[in-house]
Amino acid sequence: MTNKRGVQIAVRGAAVLGALALSGTALAACGSNDKSGGDSTATGNTQVLNITLSNKGCAPPKSEIPAGPTKFQIKNSGGTKVTEVELMQGGRILAEKENLADSFSGSFTLNLKPGDYELYCPGAETERSPLKVTGEAASSSGSEAEQAALTKAISDYRAYVQDEVNQLVTNTTALQAAIDDGDVARAKKLYEPARLNYERIEPVAESFGDLDPRIDGRAEDFDSPEDFQGFHRIEMALWQDNTTDGMSPIAAKLVADTESLKKLVATLDIDAAQIANGATELMNEVANSKVSGEEERYSHLDILDMAGNIQGSEKAFTLLQPALEMTNKALATTVAQRFAEMNAAMEPYKAGDSYVLYNTLTADQVRELSRAVGALAEPLSEVAGAIVGKA
Ligand SMILES: [Cu+2]
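What you see is a predicted model, and the numbers here were worked out from it, not measured in a lab.

Chemist: Pulling in residues and values, what's your account of the sheet that holds strand 1 (residues 47-53)?
Modeler: One open sheet holds the 3 strands; their spatial order is 1-3-6, and the pairing between them is mixed. Edge strands, defined here as strands with exactly one partner in the open sheet, are strand 1 and strand 6 (105-112). Neighbour-to-neighbour, the strand axes of the sheet open up by a mean angle of 20 degrees, direction not taken into account. Across 8 bridges, the pairing between strand 3 (residues 68-76) and strand 6 is antiparallel. From the neighbouring strand, glutamine 73 faces strand 6, where its bridge partner is serine 107.

Chemist: So, helix 9 (residues 272-290): which residues are in play, and what are the values?
Modeler: With 19 residues, helix 9 extends 26 Å from end C-alpha to end C-alpha; this agrees with the ideal 27 Å at 1.5 Å per step. By the criterion of burial, helix 9 is predominantly enclosed, with 19 of the 19 residues buried.

Chemist: With reference to specific residues and values, describe the sheet that holds strand 5 (residues 92-97).
Modeler: Read from one edge to the other, the open sheet built from 5 strands follows the order 2-8-7-4-5, with strand pairing classed as mixed. Each edge of the open sheet is held by one strand with a lone partner, namely strand 2 (64-66) and strand 5. The average undirected angle you get between the axes of adjacent strands in this sheet is 30 degrees. Across 3 bridges, strand 4 (residues 85-89) lies against strand 7 (residues 115-120) in antiparallel orientation.

Chemist: Summarise the nonpolar core; cite the residues concerned and give the values.
Modeler: Membership of the largest hydrophobic core comes to 93 residues, with the highest contact counts inside it found for Ala153, Ala272, Ala276, Leu320, Val373, Val383 and Ile387. Residue-level mapping places this core at the junction of two domains, with at least three residues from each of domain 1 (3-134) and domain 2 (144-387). In this structure valine 383 touches Ala276, Ala279, Phe317, Leu320, Leu324, Leu331 and Val335, once residues within four positions along its chain are discounted.

Chemist: For helix 4 (residues 184-200), give the residues involved together with the corresponding values.
Modeler: The end-to-end C-alpha distance of helix 4, which contains 17 residues, comes to 25 Å, matching closely the 24 Å that a straight helix rising 1.5 Å per residue would cover. Taken together, the buried positions of helix 4 are Ala187, Leu190, Tyr191, Pro193, Ala194, Arg195, Leu196, Asn197, Tyr198, Glu199 and Arg200. Residues of helix 4 that are buried in the fold lie against helix 3 (144-180), helix 5 (202-206), helix 6 (211-216), helix 7 (230-240) and helix 10 (302-327).

Chemist: With reference to specific residues and values, describe the confidence of the model for the chain.
Modeler: When pLDDT is averaged along the chain, the result is 89, and 89% of the positions lie at 70 or above. Of the regions scoring below 50 in pLDDT, residues 1-43 engages in 82 contacts with residues more than four places distant in sequence or in other chains.

Chemist: Summarise the pairing of strand 8 (residues 128-134); cite the residues concerned and give the values.
Modeler: Pairing between strand 2 and strand 8: 3 bridges, direction parallel. In the sheet register, proline 66 faces strand 8, and the bridge partner there is threonine 134. Alignment of strand 7 against strand 8, held across 6 bridges, turns out to be antiparallel. Bridging across to strand 8, glutamate 118 finds its partner in proline 130.

Chemist: An account of the environment of glycine 78 is requested, with residue identities and associated values reported.
Modeler: Examined against the element boundaries, glycine 78 turns out to sit in the loop between strand 3 and strand 4. Setting aside residues up to four positions removed in sequence, glycine 78 forms contacts with Ser54, Asn55 and Asp102.

Chemist: I'd like to hear about the pairing of strand 5, residue by residue, with values.
Modeler: One ladder, built from 5 bridges, connects strand 4 with strand 5; its direction is antiparallel. The partner of glutamine 89 across the bridge, within strand 5, is arginine 92. Joining the antiparallel neighbours strand 4 and strand 5 is a turn of 2 residues, in which glycine 90 adopts a positive phi near 55 degrees.

Rules of the game
- Residue positions are counted from 1 within each chain, in the order its sequence is given.
- Only residues with pLDDT of at least 70 get local features here, since the model is predicted, and only at 80 or more are side-chain atom pairs given and counted; chain-wide, interface and lining totals rely on the full set of residues.
- The pairing criterion is simple: DSSP has to find at least two bridges between the two strands.
- Secondary structure follows DSSP: runs of H or I at least 4 residues long count as helices, runs of E at least 2 residues long count as strands, and numbering of each begins at the N terminus.
- Only the stretch in contact is used when fitting a helix axis, every axis being a line fitted to C-alpha atoms; angles between N-to-C directions are given from 0 to 180 degrees.
- How far a helix is expected to stretch is found by multiplying one less than its residue total by 1.5 Å.
- Exposure is read from a count of other C-beta atoms within 10 Å of each residue's own; the residue is exposed at 12 or fewer, buried at 20 or more and partly exposed in between. C-beta atoms are placed from the backbone.
- Nonpolar core, as used here: buried Ala, Val, Leu, Ile, Met, Phe, Trp, Tyr and Cys residues forming one set through C-beta atoms within 7 Å.
- In this entry, domain limits derive from an automatic or database-based domain assignment.
- Residues are treated as contacting if the C-beta atoms built from their backbones sit within 7 Å of each other.
- pLDDT is defined as a per-residue confidence score from the predictor, taking values between 0 and 100.

In structure tokens, the structure reads:
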């Protein structure tokens, strides 16, 4: 993500916290994330790296650490201009913690291999701090059965992402054809399946730097209006202006960007803990941009996007579940139950093959959804720590 977008996200994050404050339970659930229990699921060989996020930056306490399972424990201490920390390597985001407003804490856990990394906190005085990881890659600490289960989870998840991105290209191409034909009604209908494909795998797309802002950015993410493109520019034309005028080049570019994503996904290198982190990021997406009605502000298709995020998150969890049952059965049971509750909470909003519009929900209904999201996100955030280093 670009610096600019990072700052914009910070602004949006503050607004969102305001919105979530209305639903106190969700806020409490987010705020208490990782304060309870994050460490209890770590397996003893996980090192903890405490990062303080402030307006100055997000430098690690040591610029050199040994390879192996690592929990990045992040606290925003007085950082009013910064809300996120990304662990980057060679232009790719390996893990991130977003929407950490001042005084909030959060974490991510992954198995660090030797190499040069960067901690990136957009909007800070020093945005990038180096982190060198030394020594040998940690050998797997999992049993044979755990290793086999995680290896399968990784290859199945890659296949899932590839399948979704293939459908994304197909569905976006169909959307483009409707736009080229000037058919507003058809374009509106075809916008939906493409959004679902994208929202299911959004953390993977986000990991490839500026592709996500290009495909999924919002008007306020860009200084000049011409830079605002992608899905939400098309959404604005179709729903706010009720036209496809001027959208052909935007649709062509969107198709090209989804094709770039497809090429990058073919090279995707992902481990089990990153899949778990992605599942958590998807639920954080729901809490921060869907439950607030921010993302699909013209079409009000936020509940549909939310379903996409939940489906992508549940897919990742389901694939990790056999291994998690071996490493932490209680956690596997809790998360599975919370997904069931989340799906039950979404059930009333299904409408045919789609979902009702966000602006038809009452404040109480939104609050109930955000409660279910918080209840799921909290135990889900512990999954990475329970499987890291096992494969
Ligand atoms: Cu999105």
